[in-house]
Amino acid sequence: MIFCAGRGTRMKTLTADRPKPMIEVAGRPLVDHALDQIGGVEHRVANLHYLPDALEKHLNTAGIETVFEDTLLETGGGLRNALPQLRADVVFTVNTDAVWKGPMASDILSEAWDPEKMDALLLTVPFDRVHGHLGQGDFDILPDGRLARGHGSVYTGVQILKTDTLNGIDETCFSLNLVWERLFETNRIFGAEYPGHWCDVGHPEGIEIAERLLKDAH
């Protein structure tokens, strides 16, 4: 599931004529940088809302199904709305406002995924390998691999999630944070550490930072 529906208001004038996933970093749309991180995933679906035409054409050319949202549903609602197209009990979810330098995110998560004990596995990166992020950390990974709210690492925007975790939520529009909070209660939310570098491109200044990161030989 590739999240492409947001209005990208933090990008200011850059999203006046295009959705955020079509903003270019190092000559490529942000959505392509996100797609690089799930290169081994064959069945991919993206949700659309704001200025969808060019993005839909771009994604369809890459063989990606799209589902349009009349109103923004946030990440949780958007995922649930796309379940008929996804046709899966377990999915990757991917945000489209970051640039990566290192191994493929889906490979790291797949290697660490254990469905017997996990309902969600989130990929995080320690602050010393985070670039362009304006906020605090999101989580800490505990010694047993379980995830806790904390400030030691930043969520990269990629996870593996069982879709039945959406059951029992009455709201139509809701964030996946609501799902995670329920999983904290059952101790079935885990974290995996990304070994490379990650750059937040959710704001205009992040573009130049990301381009420097991609050029840096080290």
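Residues numbered from 1 in each chain as written. Predicted model: local features only at pLDDT ≥ 70, side-chain atom pairs only at ≥ 80, totals over all residues. Heavy atoms only, no water.

1. As for unusual backbone geometry
What counts is decided by this rule: Only DSSP runs of H or I covering at least 4 residues are called helices, and only runs of E covering at least 2 are called strands; the numbering of each starts at the N terminus. Type-normalised accessible area, obtained with a 1.4 Å probe on protein chains alone, sets the label of each residue: buried when under 20%, exposed when over 50%, and partly exposed for intermediate values.
We note that Lys12 has phi near 55 degrees; this positive angle belongs to a residue other than glycine. Among the structural elements, Lys12 can be located in the loop between strand E1 (2-3) and strand E2 (24-25). Here the phi dihedral of Asn187 falls at roughly 60 degrees; this positive angle occurs in a residue that is not glycine. Structurally, Asn187 can be placed in the loop between helix H5 (176-186) and strand E13 (189-193). Residue classification places Asn187 among the partly exposed positions, given a relative accessible area of 44%.

2. Overview of helix H2 (residues 52-61)
Note the threshold: In this description, the arc belongs to the directions extending from the helix axis to the C-beta atoms. Any two residues having at least one pair of non-hydrogen atoms within 4.5 Å are treated as being in contact.
Within the span of H2, buried status applies to Pro52, Leu55 and Leu59. On an axial view of H2, the arc spanned by its buried residues comes to 70 degrees, and they lie on one face. Exposed side chains of H2 directed beyond 90 degrees from the buried face belong to Asp53, Lys57 and Thr61. Tucked inside the fold, the buried residues of H2 contact helix H1 (30-36), strand E4 (45-48) and strand E5 (65-68).

3. Brief notes about the packing of aromatic side chains
Condition: A pair of Phe, Tyr and Trp rings is counted when the ring centres sit within 6.5 Å of each other, with Trp represented by its six-membered ring. The angle between the planes then sorts it: under 30 degrees is stacked, over 60 is edge-to-face, the rest tilted.
For the structure shown, the criterion picks out five aromatic pairs. With 6.5 Å between their ring centres and 85 degrees between their planes, Phe139 and Tyr155 make a pair best called edge-to-face. Pair noted here: Phe139 is in strand E10 (residues 139-141) and Tyr155 is in strand E12 (residues 153-162), with a separation of 16 residues, a long-range link. A relative accessible area of 13% means that Tyr155 is categorised as buried.

4. Re the layout of surface pockets
Selection criterion: The method works on a 1 Å grid over the protein atoms by themselves. A cavity is a set of points holding a 1.4 Å probe that cannot get out, a pocket is an open set with protein on both sides within 12 Å along at least five of seven lines, and residues with an atom within 4 Å of a point line them. Grid points are joined across faces, edges and corners, and a volume is the space filled by probe spheres set on the points. Any residue that is not Ala, Val, Leu, Ile, Met, Phe, Trp, Tyr, Cys, Pro, Asp, Glu, Lys or Arg is counted as polar, Gly included; the first ten are nonpolar and the last four charged.
If you add up the space inside the largest pocket, you get close to 840 Å³. Those elements that provide at least two residues to the lining of the largest pocket are helix H3 (74-86), E12, H5 and strand E14 (197-200). It is E12 that contributes the most residues to the lining of the largest pocket, five residues altogether. A per-class count over the lining of the largest pocket returns 12 nonpolar, 14 polar and eight charged.

5. Looking at the sheet that holds strand E7 (residues 98-101)
The test is simple: When DSSP locates at least two bridges between a pair of strands, those strands are taken to pair. Axes here mean lines fitted to C-alpha atoms, for a helix over just the part in contact, with angles spanning 0 to 180 degrees between N-to-C directions.
Spatially, three strands are ordered E7-E14-E9 in an open sheet, and the strand pairing comes out mixed. Every other strand in the sheet has two partners, leaving E7 and strand E9 (130-131) as the edge strands with one partner each. In the packing of helix H6 (residues 205-215) onto the sheet, contacts are made with E7, E9 and E14, and the angle to E14 comes to roughly 160 degrees.

6. Observations concerning the nonpolar core
Which entries qualify depends on this criterion: Among buried residues, those of type Ala, Val, Leu, Ile, Met, Phe, Trp, Tyr and Cys that are joined through side-chain atoms within 4.5 Å constitute a nonpolar core.
Residues Ile2, Cys4, Leu59, Trp100, Leu109 and Leu123 are the most contacted members of the largest nonpolar core, which totals 33 residues. Other than its neighbours up to four places away in sequence, Leu59 contacts Cys4, Val31, Leu35, Ala46, Leu48, Ile64 and Thr66. Counting residues in each nonpolar core, the second largest holds 23 residues, with Phe3, Val67, Ala82 and Val91 among its members.

7. Focus: the state of the cysteines
Which entries qualify depends on this criterion: Cysteine sulfur atoms are paired as a disulfide whenever they come within 2.5 Å of each other.
Counting across every chain of the model gives zero disulfides. Sulfur of Cys4: no disulfide; nearest cysteine sulfur belongs to Cys173 and is 17 Å away. In this structure Cys4 comes out as buried when scored by relative accessible area, which is 1%.

8. Examining the pairing of E12
The buried fraction of E12 amounts to 10 of the 10 residues, a majority that puts the element mostly inside the structure. Where strand E6 (residues 90-94) lies against E12, five bridges are found, and the strand directions are antiparallel. By the bridge assignment for E12, Val91 is matched with Leu161.

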